[in-house]
Amino acid sequence: MQLTDYPWLTEPKNSVGKILPPALLIHGVEGIGKRALANYLAQSVLCEETSSVNDPCGKCPSCALFTADTHPDFKLLTNDDEDASSSGNDLGDTKKSKHIISVKAVRSLGTFCVTKPHRGHAKVIVIDPAEHLNQSASNALLKNVEEPAEFLHFILVAKHKERLLPTLLSRCLKVNVRPPDAQEAFRWVATQIDGQCKDPYRQELSIALSGNAPLSSIRVIADEDFFSNRESILSLLSQNQIDPFALATLCEKIEVPTLQRIIYALLHDLMFLNIQQDVAFHEDKKTELGRIKRSLSNKAFSRWLSLFNDYLKSASHPLNRRLALEALFLKWPQT
Ligand SMILES: [Zn+2]
């Protein structure tokens with residue numbers, strides 16, 4: 001990859017310096033290119049033309065192997081079986097057991113960590129998402145990180161660095177990848193989708209909902225389910241008498257991360273309307289929002305928000321989903 005493809009990654013790349021440390025942690029929000037930066041650094045340190053943190057040449061045998069995913073001195077430890085569409089889903093522990101990076105996976109790195117590089121002078125292990133290492137996996141990794149062979153580099157990638165084992169965290173040079181500002185994100189996204197999105201507000205909204213994270217924004221723009229379900233939920237909630245059963249029927253069919261994104265944005269703006277008489281995510285739906293808000297207080301909305309958060313914790317049990325949603329919408333605040 002070219003780092004110039006992701007201009008906002010230049011600053012975090014520069015903060016690494018010219019020499020890749022034995023342990024690096026790249027952290028930042030979802031959809032911002034953390035893995036791309038990790039791969040760039042790995043390729044550059046393995047490149048036979050540069051070998052320091054510089055643009056990899058892209059032509060040497062090492063770069064060719066890296067691009068073909070067959071470099072013998074590179075390992076990626078991940079749980080990529082996780083559905084990419086659920087990547088924005090942050091349900092705490094409910095799905096964690098399925099997606100942990102286990103101690104077995106870390107131990108499988110054993111020989112790789114101690115044998116000399118096949119080519120050149122370096123070996124790189126990328127672990128993403130590092131917060132999915134469980135306790136024993138973290139401890140096993142710590143042993144390798146504490147006394148690494150001189151040729152070995154670990155690059156940990158995490159959304160939630162506070163979930164890493166503190167002793168592991170303290171061994172890493174930390175690089176925070178921050179999203180670009182909204183205008184820069186808008187310009188970048190526009191070049192990527194190349195006129196495919198005819199609605200500038202949809203693009204703007206997707207960027208706002210993604211906290212300006214450019215790669216997430218592109219996923220949201222293309223998420224037809226999100227936009228059509230958002231429309232339907234707002235329409236049902238803005239009725240004079242809301243129908244909890246119709247809402248439950250609708251929401252049962254919506255994937256949890258999508259539902260979460262719709263509801264969080266809605267509750268944010270209902271409360272924002274009360275405080276600022278403005279909206280952040282519903283510029284196109286101000287009339288509906290006014291109807292949904294009625295004369296309700298933020299206390300009522302925040303009470304319902306905590307019920308919704310409770311629901312999210314149990315949302316992975318599909319048998320109860322319909323009942324749980326009915327119970328939830330029966331408690332939707334009404335005047
Ligand atoms: Zn190269």
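Cut-offs used in this document
Residues numbered from 1 in each chain as written. Predicted model: local features only at pLDDT ≥ 70, side-chain atom pairs only at ≥ 80, totals over all residues. Heavy atoms only, no water. Helix = DSSP H or I, 4+ residues; strand = E, 2+ residues; numbered from the N terminus. Buried < 20%, exposed > 50% of the residue type's maximum accessible area, 1.4 Å probe, protein only. Areas by Shrake-Rupley, 256 points an atom, 1.4 Å probe, with all protein chains shown as cover. Axes fitted to C-alpha atoms, helices over the stretch in contact; angles between N-to-C directions. Parallel < 35°, antiparallel > 145°, perpendicular 65-115°, else oblique. Left-handed = near helix turned anticlockwise from the far one by under 90°. Contact = heavy atoms within 4.5 Å. Donors = N, O, S within 2.8 Å, 3.2 Å for Na, K, Ca; no water. Phe/Tyr/Trp six-rings, centres within 6.5 Å; stacked < 30°, edge-to-face > 60°. Lys NZ or Arg CZ within 6 Å of the ring centre and 35° of its normal. Core = buried A, V, L, I, M, F, W, Y, C linked by side-chain atoms within 4.5 Å. Nonpolar A, V, L, I, M, F, W, Y, C, P; charged D, E, K, R; others polar. Domains from an automatic or database assignment. Arc of directions from axis to C-beta. Polar contact = N/O pair within 3.5 Å; in protein donor to acceptor, adjacent residues only side chain to side chain. Pairing = 2+ DSSP bridges.

A few words on the overall build of the protein. Across its full length, the protein carries 17 helices and 5 strands. Counting across all 335 residues of the protein, residues that qualify as buried make up 48%. In the structure as shown, the protein presents an accessible area of about 16,600 Å², 51% of it carried by carbon and sulfur atoms.

Turning our attention to the packing of helix H14 (residues 256–276) against helix H16 (residues 298–314). Two elements in contact, H14 and H16, have axes whose closest approach is 10 Å; the angle formed by their N-to-C orientations is 165°. On the basis of their axis angle, the class for H14 and H16 is roughly antiparallel. Pair H14 / H16 crosses with left-handed handedness. Of H16, the residues touching H14 (which contributes Val256, Leu259, Gln260, Ile263, Tyr264, Leu267, Leu270, Met271, Asn274 and Ile275) are Asn298, Phe301, Ser302, Trp304, Leu305, Phe308, Asn309, Tyr311 and Leu312.

Here we take up the coordination of the zinc ion. Four donors placed tetrahedrally about a metal ideally form angles of 109.5 degrees, and six donors placed octahedrally ideally form angles of 90 or 180 degrees. Within the protein, the atoms that donate to the zinc ion are Cys47 (SG), Cys57 (SG), Cys60 (SG) and Cys63 (SG), at distances of 2.3 to 2.4 Å. Site description for the zinc ion: donor spacing in sequence, C-x9-C-x2-C-x2-C. One end of the pair, Cys47, is in the loop between helix H2 (34–46) and helix H3 (61–67); the other, Cys60, is in the loop between H2 and H3, with 13 residues separating them in the sequence. For the residue pair Cys47 and Cys60, the accessibility class agrees, reading buried in each case.

All chains considered together, the criterion is met by 11 aromatic pairs. Three or more aromatic residues joined by ring pairs make a cluster, and in this case those are Tyr264, Phe301, Trp304, Phe308, Tyr311, Phe329 and Trp332. Positioned above the aromatic ring of Phe112 is the side chain of Lys123, whose terminal nitrogen or guanidinium carbon lies 4.3 Å from the ring centre.

What follows deals with the nonpolar core. Counting 41 residues, the largest nonpolar core has Leu259 and Trp332 as the members making the most contacts within it. Taken together, the elements giving at least two residues each to this core come down to helix H10 (200–209), helix H12 (224–237), helix H13 (244–252), H14, helix H15 (286–293), H16 and helix H17 (321–330). Among the elements that take part in this core, H14 stands out by supplying 10 residues, more than any other. Excluding residues within four positions of it along the chain, Leu259 makes contact with Ile233, Cys251, Ile254, Phe308, Tyr311, Arg321 and Leu325. Within the second largest apolar cluster, 35 residues are counted, among which are Ala38, Val45, Val177 and Cys197.

One can find Lys253 in the loop between H13 and H14. Linking Lys253 and Arg321, residues 68 residues apart in sequence, is a C-alpha distance of 9.9 Å.

Looking now at the packing of H10 against H12. Orientation of H10 relative to H12, taken along the N-to-C sense of each, is 95°, at an axis distance of 13 Å. Classed by the angle they form, the pair H10 and H12 counts as roughly perpendicular. Contacts between H10 and H12 involve Arg202, Leu205, Ser206 and Leu209 from the former and Glu224, Phe226, Phe227 and Arg230 from the latter. Looking at the contact of H10 with H12, its residues break down into 4 nonpolar, 1 polar and 3 charged.

Let's shift gears to the domain arrangement of the protein. Entries for the protein in the domain assignment read domain 1 (3–176) and domain 2 (223–330). The centre of domain 1, based on its C-alpha atoms, is set 37 Å off from the matching centre of domain 2.

The next point concerns H13. Among the residues of H13, Pro244, Leu247, Ala248, Leu250 and Cys251 are the ones counted as buried. Across the axial projection of H13, the buried residues extend over an arc of 165°, all falling on one side. Structurally, H13 contributes buried residues whose contacts are with H12, H14 and H17. Regarding H13, its N-cap is Asp243, as a side-chain oxygen of that residue lies 3.0 Å from the backbone nitrogen of Phe245 further along.

Moving on, we come to the environment of Gly110. In this structure, Gly110 sits in helix H6 (residues 110–114). Here the alpha-carbon distance between Gly110 and Leu141, two residues 31 residues apart in the chain, equals 9.6 Å.

Right, let's get into the sheet that holds strand E3 (residues 123–128). The 5 strands are arranged E2-E3-E4-E1-E5 in an open sheet whose pairing can be described as parallel. The sheet is open, and its two borders are formed by strand E2 (74–78) and strand E5 (173–176), each paired with just one other strand. If you compare each strand with its neighbour and ignore which way they point, the axes differ by 15° on average. With 4 bridges joining them, strand E1 (residues 23–27) and E5 adopt parallel strand pairing. Each residue of the ladder has a partner; that of Ile26, found in E5, is Val175. Strand contacts of H2: E1, E2, E3 and strand E4 (152–158), with the helix running at about 170° to E4, the strand carrying the most contacts. Across the sheet, helix H7 (residues 135–146) touches E1, E3 and E4, and the angle it forms with E4 is around 140°.

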